[in-house]
Amino acid sequence: MDCVKQALLVGGYKNVINRLMIKKLLLSFSILLLLSSLSAQQLSDRAWARADSLLGQMTLDEKVGQMTLFTSDWVVTGPTLRPGYRDDILAGKVGAIFNAHTSEYNHQLQKMAVEETRLGIPLLFGYDVVHGYRTIFPIPLGESASWDLQGIEQTARIAAVEASAAGLNWTFAPMVDIARDPRWGRVAEGAGEDTYLGSLISAARVRGFQGQNIGDENTILACVKHYAAYGAAQAGRDYNTVDISDRTLREIYLPPFKAAKDAGVYSFMTAFNDVDAVPCSGNSYLLQDILRKEWGFQGMVVTDYTSINEMVPHGIVANNAEAATLAVNAGVDMDMQGAVYYDYLAKQVKEGLVSVETVDQSVRYILALKYELGLFDDPYRYGSKEREAEEVFSQAHLNVALESSIKSLVLLKNERGALPISASKSIAVVGPLADNKAEMLGNWFGDGRADDVITPLMAFRAIGADVYYAKGCETSGEDESRISEAVVAAEQADIIVAFVGESGYMSGEAASRSDITLPGPQRALISALEATGKPLVLVLMNGRPLDLSWEVAHCDAILEAWFPGTMGGPAIVEVLMGEANPSGRLPITFPRSVGQVPIFYNAKNTGRPFDANNKYTSKYLDVENTPLFPFGFGLSYAEITYGKPVLSKTEFSASETVKISIRVTNTGDVATTETVQLYVHDLVGSVTRPLKELKGFQQVTLAPGATQQVEFEIGVNDLAFYTRDMTWKAEPGDFEIQLGPNSRDVQTATIKLTD
Ligand code: BGC
C-alpha cells in the first residue's frame with residue numbers, strides 16, 4: 001500500500017506494476033488458502049447444550065430479542081447507533097447488529113451486550129461484505145467471468161480476514177440468485193445465468209468466507225441469499241412477482257442454494273419476492289419442506305430488510321402482527337430491521353398463535369451459532385486494532401485484487417489488430433469512466449473507499465504511457481458539450497481507448513433498467529471518436545449485460561471490465577498493453593436487443609425451432625434469435641484450435657462413466673489460459689430438455705505452440721434431471737456431448753446410456 005502510494009507520488013508506478021506481477025507468483029506465501037472440500041457443517045452437541053442451558057434462563061422477551069436484528073448507521077463522524085437501539089441492546093432486546101464495523105466501535109457495542117445485560121449474551125455483527133471488505137475485488141458477476149473457483153474462494157477468504165479484523169463475524173453473502181434477465185440490476189451481485197457454474201461459485205464463496213473452521217478468528221459466517229428465485233422477478237423489475245414452475249425452481253434456481261448448504265453455510269436469507277403466490281419470508285414450502293426437511297439445514301434463517309413487514313403490502317396478511325405469526329411459523333428465525341418480532345412476537349405467543357417451542361427452536365439456532373463462533377468463550381475475539389492495521393488493505397490483498405481483476409476481463413471483440421497496444425503508441429484515454437475512482441467499486445462495496453482505487457488513467461500515467469486525456473461526457477444526462485475535448489485528445493493520439501458504461505448506482509438493488517443500451521451521451525461520444533478514423537477501443541464498466549449491437553458496429557475492440565474494484569486500473573492497463581492476456585468468459589448471455597430478454601444459453605428447442613425459410617417458427621420479425629455474445633464467450637490474444645472429441649466408449653450403463661477428451665493447441669504467439677467447456681443435450685426425455693447444459697469445464701494454460709489433452713468424465717449423475725414425475729434421475733437414451741470454447745462454437749459427439 002505504502003509503496004503504491006509512494007510510487008504514484010514519484011511517478012514510478014510502472015515498477016509497482018511489475019513488482020505486483022512478480023508478487024503474483026509468490027502469493028502462496030502471504031495467503032493461507034485451504035482449498036479443501038468441506039463436508040456439511042453441523043452444529044455441535046456442545047453448541048446445542050449451551051443454547052439449551054441459556055434458553056432455560058431466558059424470558060420470552062429475551063428470546064424475541066435474540067431474534068431481532070437492527071442496523072447501525074454511519075455519519076460523517078463515524079459509526080453511530082440510534083438512541084433507541086442503545087436502550088434495546090441494554091435491555092437484551094437485540095441479538096444482532098448489522099452495518100456496524102471497525103473493531104473499536106463493535107467492541108463498544110459488544111461490551112454493552114456482554115457486560116450490561118442480564119444474561120450477557122454476545123451480539124452477532126453482520127455486514128454486506130460482498131466483493132471485499134476494504135480491498136475491493138471485481139463485482140461478483142465480473143469475478144464469475146474468471147471461471148476460476150480457487151481465485152473466487154481466495155477473494156472471499158481475504159474478505160473474511162479483513163472483515164473479521166474489523167469486528168465482523170457474519171457476511172450477507174454469497175448472493176447466488178440465478179439471473180437470466182439483464183434488466184434486473186442485481187445480476188451484478190451473483191454468478192450469472194448458469195446453475196452449474198453458479199453452484200460451484202456458491203460453494204467456493206461459502207468455503208472462502210467460512211474457512212475450515214468457523215471458530216477461527218479470521219473466518220465469518222456466510223449467509224446465502226436471496227432464498228429463493230429472486231432473480232426470476234417478472235420483467236426484470238426488482239422486488240417483482242416470481243411465478244415459475246416447481247421444476248424450474250428446483251432445477252434452475254435452487255441448486256446454488258443447495259450447493260451452499262452442502263458447503264456448510266450457516267445462514268440463509270429469505271428473498272423479498274413471492275414464489276407461487278407466497279412471499280418467501282412466510283413460505284413454509286421453501287423454509288420447512290425444502291430447506292429443513294429435504295436438505296436438513298441446521299443453521300439460521302434471517303429475513304431480508306423488512307421483508308416480514310412487506311408481507312402486508314404483498315396482501316397475504318392484514319397487519320404486522322399477522323406477519324410475525326406467518327413468518328415465525330414458516331421458519332424465519334431472525335427479523336432484519338422490521339421490528340415485527342420485536343413488536344408482536346411475544347404477544348402472538350401469549351395469544352397462542354405461535355408456540356413457545358417454535359420460538360425456542362429459532363433461538364437455539366442463533367445461540368448455537370454464537371457458540372460455534374466462539375463468542376461465549378471470548379466475545380471480543382473478532383477484531384482488534386492491531387489486526388485491522390496489519391491485515392486490512394494489505395499489500396498481499398492488493399496483489400490478489402490485481403490478479404482477480406485481470407482474470408475477470410472479457411475481450412469481446414478485437415479487429416484490425418487494435419489490441420494489444422504497442423508501447424510506442426500514443427493513447428487518447430477518454431470517456432466518463434477513464435478516471436472515475438468511485439464508480440469502479442460498483443455497488444455493495446463494504447468499507448471500500450474511492451480514494452483507494454487506481455483508475456486506468458492513473459495506471460497509464462504510472463507506466464509512462466504517452467497519454468492524452470479528456471473525459472468527454474458523463475454516463476448519464478444529455479450534455480454533449482465536452483465531447484469535442486475528447487475528439488481533440490483523440491486527434492493527437494495513435495489510438496483511442498474510451499472508457500464507457502454505467503455508473504455504480506445503475507446496477508445492484510433497486511436498479512432495474514428497461515433500456516440496456518449505453519446510457520447518456522456515450523453513443524454520441526463514440527460516434528464522434530469513430531469519425532476521427534483512429535483505431536477505437538472501448539473498455540466497458542457495467543453491472544449487467546448491455547445491448548452492444550450498435551457499439552460492435554462502431555469500434556475495433558471491446559474489453560468488458562465490469563466494475564473491476566480497487567486495482568481495476570492497473571488490471572485493465574496490463575491487458576490493454578499486452579502484459580497480461582485476457583482470459584475471462586461471459587457468465588451470462590449478452591443480447592442483441594432488450595426485446596430478446598430473457599435470453600439464455602440453456603433454452604429449449606420448442607416444437608417449431610427457428611427456420612429462416614418458414615415464417616411459422618419460433619423467432620422475431622426484427623431481430624435474430626441468437627445473442628450478440630453467447631454464454632461462455634471470450635477472446636484472447638492467442639489462437640486456440642480444438643481437435644476432435646474422443647470418447648472412451650459410446651454406450652455406457654448407469655454404473656459406468658465415459659471419458660471424453662479433446663486436444664487444444666495454442667497456435668498463437670503468447671501464452672494463454674483457455675476455458676474448455678462441456679455441455680450435454682438429452683435428445684429425448686420424459687419432459688422437454690434444454691438444447692445444452694454446462695456439465696464441466698477446465699482451464700488450461702498453454703504456452704505458444706503447446707498442446708494439451710483435456711479430459712472429462714461423464715457419469716449418470718451428470719445426465720440426471722427432474723423427470724416427468726419429479727424424481728431426479730437420468731433416463732436411458734442418447735445424449736449429445738458438446739465441447740468447445742463457449743456455448744455456441746461446439747463440436748459434438750453422441751453417447752448412449754443403456755438401461
Ligand atoms: C438487500 C440484501 C442486503 C440487506 C442488508 C437488503 O436491501 O436486499 O441483499 O443483505 O439489504 O443490507
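None of these values were measured; they are calculated from a predicted model.

Cut-offs used in this document
Positions within a chain are numbered from 1, following the residues in the order the chain's sequence is written. A pLDDT threshold of at least 70 governs which residues receive local features in this predicted model, and a stricter bar of 80 or more applies before side-chain atom pairs are shown or counted, although totals over entire chains, interfaces and linings include all residues. Derived side-chain values reflect all non-hydrogen atoms in the structure, with water molecules and hydrogen atoms excluded from consideration. Domain start and stop positions are those given by an automatic or database domain assignment. Note on contacts: a residue pair is in contact if any heavy atoms of the two residues lie within 4.5 Å. Accessible area that two parts lose when put together, with a 1.4 Å probe and added across both, is what the buried area reports. We define a salt bridge as a side-chain nitrogen of Lys or Arg found within 4 Å of a carboxyl oxygen belonging to Asp or Glu. Contacts described as polar in this section are N or O atom pairs within 3.5 Å, which, within protein, must combine one atom able to donate a hydrogen with one able to accept it, while residues neighboring in sequence count only if both atoms come from side chains. A helix here means a DSSP run of H or I that spans at least four residues, while a strand means a run of E at least two residues long, and both kinds are numbered starting from the N terminus. What pLDDT conveys is the predictor's confidence in a given residue, as a value from 0 to 100. Nonpolar cores were defined as sets of buried Ala, Val, Leu, Ile, Met, Phe, Trp, Tyr and Cys residues, with membership established by side-chain atoms within 4.5 Å. Using a 1.4 Å probe on the protein chains alone, a residue whose accessible area is under 20% of its type maximum counts as buried, one over 50% counts as exposed, and one in between counts as partly exposed. Each residue is tested against the molecule or strand, and it is near if at least one of its non-hydrogen atoms lies within 4 Å. Only the protein chains shown count as cover for residues, and the accessible areas themselves come from Shrake-Rupley with a 1.4 Å probe. Under the grouping applied here, Gly and all other residues not named as nonpolar or charged are polar, the nonpolar ones being Ala, Val, Leu, Ile, Met, Phe, Trp, Tyr, Cys and Pro and the charged ones Asp, Glu, Lys and Arg.

Our focus in this paragraph is the domain arrangement of the chain. Under the domain assignment, the chain is made up of domain 1 (45–386) and domain 2 (640–753). Each of domain 1 and domain 2 was reduced to a C-alpha centroid, and the two centroids are 37 Å apart. On the side of domain 2, 14 residues touch domain 1, which itself brings twelve residues to the contact. Between domain 1 and domain 2 the total buried area reaches about 1100 Å² when both faces are included, carbon and sulfur atoms providing 60% of it. Taken together, domain 1 and domain 2 are joined by one salt bridge. Residue Arg689 pairs with Glu251 through a salt bridge whose shortest N-O separation is 2.8 Å. Viewed at the interface, domain 2 and domain 1 are joined by six residue pairs in polar contact (both at pLDDT 80 or more). Put simply, the parts of the chain that give the side of domain 1 that touches domain 2 at least two residues each are α10 (195–210) and α11 (246–253).

What follows concerns the confidence of the model for the chain. Averaged over all residues, the pLDDT of the chain is 95; the fraction at 70 or higher stands at 95%. Segment residues 1–39: pLDDT under 50, and 72 contacts once partners within four positions in sequence are set aside and those in other chains are kept.

If you look at the biggest cluster of nonpolar residues, it comprises 201 residues, and the most contacted ones within it are Ile97, Trp170, Tyr227, Phe268, Tyr341, Phe499 and Leu576. Per-element accounting of this core gives the leading share, eight residues, to helix α17 (residues 356–372). Those residues within four positions of Leu576 in sequence are excluded, and the remaining contacts are Leu419, Pro420, Ile421, Phe460, Val497, Phe499, Val537, Val539, Leu559 and Tyr637.

Time to look at the environment of Gln596. Its location among the elements puts Gln596 in the loop between α24 (568–576) and β19 (640–642). On a C-alpha basis, the gap between Gln596 and Gly643 in space is 33 Å, while along the polypeptide they are 47 residues apart. With residues near it in sequence (within four places) discarded, Gln596 still touches Pro591, Tyr620, Val623, Glu624, Asn625, Thr626 and Pro627. Polar side-chain contacts of Gln596 include one of 3.0 Å to the backbone oxygen of Thr626.

Next up on the list: the site of the ligand. Around the ligand lies a shell of 13 residues, among which Asp128, Arg186, His226, Asp304 and Glu509 are the nearest. In the environment of the ligand, an oxygen atom lies 2.7 Å from a nitrogen or oxygen atom belonging to the side chain of His226. Take Glu509: an N or O atom from its side chain is 2.6 Å from an oxygen atom of the ligand. Coverage of the ligand by the protein amounts to 94% of the 310 Å² it exposes when considered alone. When grouped by side-chain class, the residues that make up the shell around the ligand number seven nonpolar, one polar and five charged.

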